[in-house]
Amino acid sequence: MRKHFLLFIFFAFILASCGKFEKIRKLTDEKKKYAAAIEYYKKGEYDKAGILFEEILPSLTGTDQQELVTFYQAYCDYHTGNFEMANFRFKRFAETFARSEYVEEAVYMSAYALFKNSPSYNLDQSGTLSAINELQSFINNNPDSKFRTEASDLIKDLRKKLERKAYEKAKLYHKTSPFNIASLKSSVIEIANFQKDYPDSEFSEELYYLKVVSQYDLAVSTIETKQLERYKDVVKFYQELIDKYPESSYLKKAEKLYDISMKASDRLAKLEEEYRKAREKEKSNTTKVGAAENQK
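Residues numbered from 1 in each chain as written. Predicted model: local features only at pLDDT ≥ 70, side-chain atom pairs only at ≥ 80, totals over all residues. Heavy atoms only, no water.

Student: Which residues make up the packing of aromatic side chains, and what values go with them?
Tutor: All told, the structure shown has 25 aromatic pairs when counted by the stated rule. With 6.1 Å between their ring centres and 75° between their planes, Phe71 and Phe90 make a pair best called edge-to-face. Of this pair, Phe71 sits in helix α4 (residues 65-79) while Phe90 is found in helix α5 (residues 83-96), placing the two residues 19 residues apart along the sequence. Over the ring of Tyr121 we find Arg164; its NZ or CZ atom is 4.3 Å from the centre of that ring. It is Lys211 that lies over the ring of Phe237; its NZ or CZ is 4.3 Å from the centre. (Phe/Tyr/Trp six-rings, centres within 6.5 Å; stacked < 30°, edge-to-face > 60°. Helix = DSSP H or I, 4+ residues; strand = E, 2+ residues; numbered from the N terminus. Lys NZ or Arg CZ within 6 Å of the ring centre and 35° of its normal.)

Right, dumping it as structure tokens:
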């Protein structure tokens, strides 16, 4: 009975609150409606405050309250998780009220809303790039801002997400069947791009090793006429690994591929040399036969 009574009280309170809010929405006195919206905002009831701000804002054009309500309305979107709209509203506020004391904060918050809306690393990162661009633009245009350090930290977080995306992409190509030459080529290319873009990454050591493995699989899977060049690249990538990480935990595994590639390179180089000599001999014999025919 006590449990049912508490539930009854709870739902009665909710209904009363909703009823009160709906009555406020129907008010024709804009001043009372404005006061109620500000009260809801200060109490953290941003969904209700946002609705009221939306309704009264057209009547505030040209008044002293227009600036504050527009600013608060953007924060209502932010606090209710509507980050895309918050970005739009903060940006519009900064454009409309360029001389406002809140303009710097609004510009920062428009970029911060994009940061909050940045997707997980395994999704398309267009939103992440947009957030980085806006945050960097804010820093460039407001070098002395109190938000500068925080904005820089946010950019670092977003770049970590891009780094993880690039790492997973490179690994995905590597995981493909070793007989898929296109994927193996892509794996080597993606790892090379990763090394260029994120030279100090926590994933760097692993990818240096996987570059050796992918190149080795590519050399094994390809036609013999292209194997020598690709085995040589295995040796080169192995050297890069030991130069960068002389104490790497991957050295023993990589060294086996290095040894095989060195032996294969020597064998293929000898075959190429024998083939070259045979071609030269054949060409020489052909020339001699031709000369003899001309003398007859």
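Student: Could you give me a rundown of the packing of helix α6 (residues 103-116) against helix α7 (residues 126-141), with the residues and numbers involved?
Tutor: Running from N to C, α6 and α7 point in directions that differ by 160°, and their axes come no closer than 8 Å. Classified by the angle their axes make, α6 and α7 are roughly antiparallel. When the axes of α6 and α7 are compared, the crossing they make is left-handed. Contact with α6, carried on its side by Glu104, Val107, Tyr108, Ser110, Ala111, Tyr112, Leu114 and Phe115, involves Ser130, Ala131, Glu134, Leu135 and Phe138 of α7 and no other residues of that element. For the contact of α6 with α7, a count of residues per class yields nine nonpolar, two polar and two charged. (Axes fitted to C-alpha atoms, helices over the stretch in contact; angles between N-to-C directions. Parallel < 35°, antiparallel > 145°, perpendicular 65-115°, else oblique. Left-handed = near helix turned anticlockwise from the far one by under 90°. Contact = heavy atoms within 4.5 Å. Nonpolar A, V, L, I, M, F, W, Y, C, P; charged D, E, K, R; others polar.)

Student: Just give me the short version of the layout of surface pockets, but keep the residues and values in it.
Tutor: A volume near 160 Å³ is recorded for the largest pocket. Considering the residues around the largest pocket, the lining is formed by Ile139, Ser152, Ile155, Lys156, Arg159, Lys160, Leu162, Glu163 and Tyr198. Per-element tally for the lining of the largest pocket: the top contributor is helix α8 (residues 148-175), with seven residues. Grouping the amino acids of the lining of the largest pocket by side-chain chemistry returns four nonpolar, one polar and four charged. (1 Å grid on protein atoms, 1.4 Å probe; cavity = no way out; pocket = protein on both sides within 12 Å on 5 of 7 lines; lining within 4 Å. Points joined across faces, edges and corners; volume = space filled by probe spheres on them.)

Student: Help me get a handle on the pattern of salt bridges, residues and values and all.
Tutor: Once their charged atoms are close, side chains differing in charge can pair, the charge on each being opposite to the other. Enumeration according to the criterion identifies 14 salt bridges in this entry. Residue Lys48 is joined to Glu45 by a salt bridge in which the shortest nitrogen-to-oxygen separation is 3.4 Å. According to the relative accessible area criterion, Glu45 is partly exposed, its value standing at 25%. Several salt bridges share partner residues, and in doing so they unite Glu22, Arg25, Lys33 and Glu55 into one network. (Salt bridge = Lys/Arg side-chain N within 4 Å of Asp/Glu carboxyl O. Buried < 20%, exposed > 50% of the residue type's maximum accessible area, 1.4 Å probe, protein only.)

Student: A description of the environment of Leu123 should follow, citing residues and the corresponding values.
Tutor: Relative to the helices and strands, Leu123 resides in the loop between α6 and α7. When the C-alpha atoms of Leu123 and Lys165 are compared, they prove to be 8.3 Å apart, with 42 residues separating the residues in sequence.

Student: So what's going on with the nonpolar core? Which residues, and what values?
Tutor: Within the largest apolar cluster, 74 residues are counted, with the highest numbers of intra-cluster contacts made by Phe53, Tyr78, Phe90, Tyr108 and Leu135. Excluding its chain neighbours within four sequence positions, the residues that come into contact with Phe53 are Ala37, Ile38, Tyr41, Val69, Tyr72, Gln73 and Cys76. (Core = buried A, V, L, I, M, F, W, Y, C linked by side-chain atoms within 4.5 Å.)

Student: Describe the side chain of Ser261, listing the residues and the values that go with them.
Tutor: As for its position among the elements, Ser261 is in helix α12 (residues 251-295). Ser261 has contacts with Tyr216, Tyr231, Val234 and Val235, leaving out every residue within four places of it along the chain.

Student: Lay out the environment of Met85 with the relevant residues and their values.
Tutor: On the secondary structure map, Met85 appears in helix α5. Each C-alpha atom, one on Met85 and one on Ser110, is 9.3 Å from the other, the two residues being 25 residues apart in sequence.

Student: Which residues make up α7, and what values go with them?
Tutor: For α7, built from 16 residues, the straight-helix expectation of 22 Å at 1.5 Å per residue is met to within 8% by its first-to-last C-alpha distance of 23 Å. Inspection of α7 places Thr128, Ala131, Ile132, Leu135, Phe138 and Ile139 among the buried residues, and these make up the whole buried set. For α7, the angular spread of buried residues about the axis comes to 130°, placing them on one side. Along α7, the residues that are exposed and aim more than 90 degrees away from the buried face are Asn133, Asn140 and Asn141. (Expected span 1.5 Å × (residues − 1). Arc of directions from axis to C-beta.)

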